[in-house]
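Fold and contact review
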Amino acid sequence: MNFKRLWAIVKSRNREFFRDRSAVGWNLLFPFLIIAGFAIIFGEQEYTEFKIGIFPFDPHTFNVEQADIPVQFKQTRYVKFIGFQTAEQGLEKLKHHQIDFLLKSGSSTNEYWISDTSPKGYIVEKIFKSSVMPQPNPDIVHKNKIQGSEIRYIDWLFPGILAMNMMFSALWGVGFIIVQYRKNGVLKRLKATPLTAMEYLSAQMLSRIYVLMVSLVIVWIGCDLVFSFKVKGSYLDLLIVFFVGGISLCALGLLLASRGTSEEFTSGIVNFITWPMMFLSEVWFSLEGSPKWVKMFSLAFPLTHMLKAARKV
């Protein structure tokens, strides 16, 4: 292997990437925007999980304090109350799952409507019924809180966003690019040079690993300055985990490139791989409580192992 030729390809590939402003922007801004969005949604006290319609009220001037409904129900956290002028308007929203529960204000019988196909509606119904029932004896139940510092949802989510960004960058930046070069005839022209296939593929790997790690560090520092993430383990261990994970994802990209016959076919295969990986590797949510076969299937993805290791750190 000639390292001079190898280094020449690495430099040319890096320059090609960094001169593409859209690609650089996608790799750096996309993770930050996702984290910022989730921080706004889940980090505020006024985050709402359930939407409850109340009628009859003018939706423009509606205030939940005006509604004649159980006081304890009004004080429920993570609930947003929405006013409707008529029952028909509220039922239309309820049918299309735009609200989870519809309640009539001032009803002596606490009249309400739910959709039997709405899981959230079922939960809200339980909450509403408990609010109109006599309060249980406080001696029967005992509340305990988590000891120590609590982990925010964005703290748990952040490694997943970084890993997902690496996955897309590796598969599209290695697998798809090589297939594109093959279709455009670039690989044929390179074959006429002293450059070997081993040198070319190694250069592609090294270039993409460099881009992945640089993007990782920049995004991490930028997000940490804004959201103050806490790492209890070693930063070196974390760097090693992402480095090895990046190599695995780049290797998967090379595997796709070796069998990709066209850009359209490779694009479809990349999507076919990335979507299950994104949902089954616990990027967005935990698989705790899922069927055993789902957990076993998720172990086939390198992203799963990278995230498990990163979150343990």
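Residues numbered from 1 in each chain as written. Predicted model: local features only at pLDDT ≥ 70, side-chain atom pairs only at ≥ 80, totals over all residues. Heavy atoms only, no water.

Considering the overall build of the protein chain
On a plain count of helices and strands, the protein chain comes out with 12 helices and four strands. Rg of the C-alpha trace for the protein chain: 26 Å, well past the compact-globule value of 20 Å for 313 residues, more than 25% over. Residue burial in the protein chain is summarised as follows: out of 313 residues, 41% are buried. Considering only contacts in the protein chain between residues 6 or more positions apart, those separated by 24 or more positions represent 74%. When the accessible surface of the protein chain is summed, it comes to about 18900 Å², and 62% of that surface belongs to carbon and sulfur atoms. Mean positive and mean negative side-chain charge positions of the protein chain (34 and 24 charges, respectively) differ by 14 Å. (Helix = DSSP H or I, 4+ residues; strand = E, 2+ residues; numbered from the N terminus. Rg over C-alpha atoms; globule rule 2.2 N^0.38 Å. Buried < 20%, exposed > 50% of the residue type's maximum accessible area, 1.4 Å probe, protein only. Contact = heavy atoms within 4.5 Å. Areas by Shrake-Rupley, 256 points an atom, 1.4 Å probe, with all protein chains shown as cover. Lys, Arg positive; Asp, Glu negative; His and termini not counted. Charge placed at Lys NZ, Arg CZ, Asp CG, Glu CD.)

With respect to helix α12 (residues 302-312)
Turning to α12, its buried residues are Leu303, Thr304, Met306, Leu307 and Ala310. The buried residues of α12 occupy one face: seen down the axis, they fall within an arc of 165 degrees. Residues of α12 that are buried in the fold lie against α6 (153-184), α9 (235-259), α10 (263-280) and α11 (292-298). (Arc of directions from axis to C-beta.)

Some points on the packing of aromatic side chains
By the definition in use, this model includes 14 aromatic pairs. Ring centres 5.5 Å apart and planes at 50 degrees place the aromatic pair phenylalanine 101 and phenylalanine 128 in the tilted group. Placement of the pair is phenylalanine 101 in strand β3 (residues 101-104) and phenylalanine 128 in helix α5 (residues 119-132), with a sequence separation of 27 residues. Each member of the pair, phenylalanine 101 as well as phenylalanine 128, is classed as buried. With a centroid separation of 5.8 Å and an interplanar angle of 20 degrees, the aromatic rings of tryptophan 275 and phenylalanine 279 are classed as stacked. Taken as a pair, tryptophan 275 and phenylalanine 279 lie in helix α10 at a separation of four residues, close to a single helical turn. By way of ring pairs, the aromatic residues Phe73, Phe81, Phe101, Tyr112 and Phe128 are connected into one cluster. (Phe/Tyr/Trp six-rings, centres within 6.5 Å; stacked < 30°, edge-to-face > 60°.)

What to know about unusual backbone geometry
In terms of backbone geometry, most residues other than glycine have negative phi values and most peptide bonds are trans. Residue proline 56 is bonded to the preceding phenylalanine 55 through a cis peptide linkage, with omega at 0 degrees. Tracing the backbone shows proline 56 in the loop between β1 (50-55) and α3 (71-74). Positioned with a positive phi, tyrosine 78 is a non-glycine residue whose angle comes to about 60 degrees. Considering the arrangement of structural elements, one finds tyrosine 78 in the loop between α3 and β2 (79-83). Residue class for tyrosine 78 comes out partly exposed when judged on its relative accessible area of 38%. The backbone of histidine 97 sits at a positive phi, close to 60 degrees, despite the residue not being glycine. Along the chain, the position of histidine 97 falls in the loop between α4 (87-95) and β3. Overall, the relative accessible area of 44% leaves histidine 97 in the partly exposed class.

A word on the nonpolar core
Ranked by internal contacts, the top residues of the largest apolar core, which has 58 residues, are Met164, Met167, Phe242, Leu249, Trp284 and Leu303. When residues of this core are traced back to their parent elements, those giving at least two are α1 (3-18), α2 (21-43), α6, α8 (197-227), α9, α10 and α12. Setting aside anything within four residues of it in sequence, one finds leucine 303 in contact with Ala163, Met164, Met167, Leu249, Met277, Ser281 and Val283. Counting residues in hydrophobic clusters, the runner-up holds 15 residues, among them Phe50, Val79, Phe101 and Val124. (Core = buried A, V, L, I, M, F, W, Y, C linked by side-chain atoms within 4.5 Å.)

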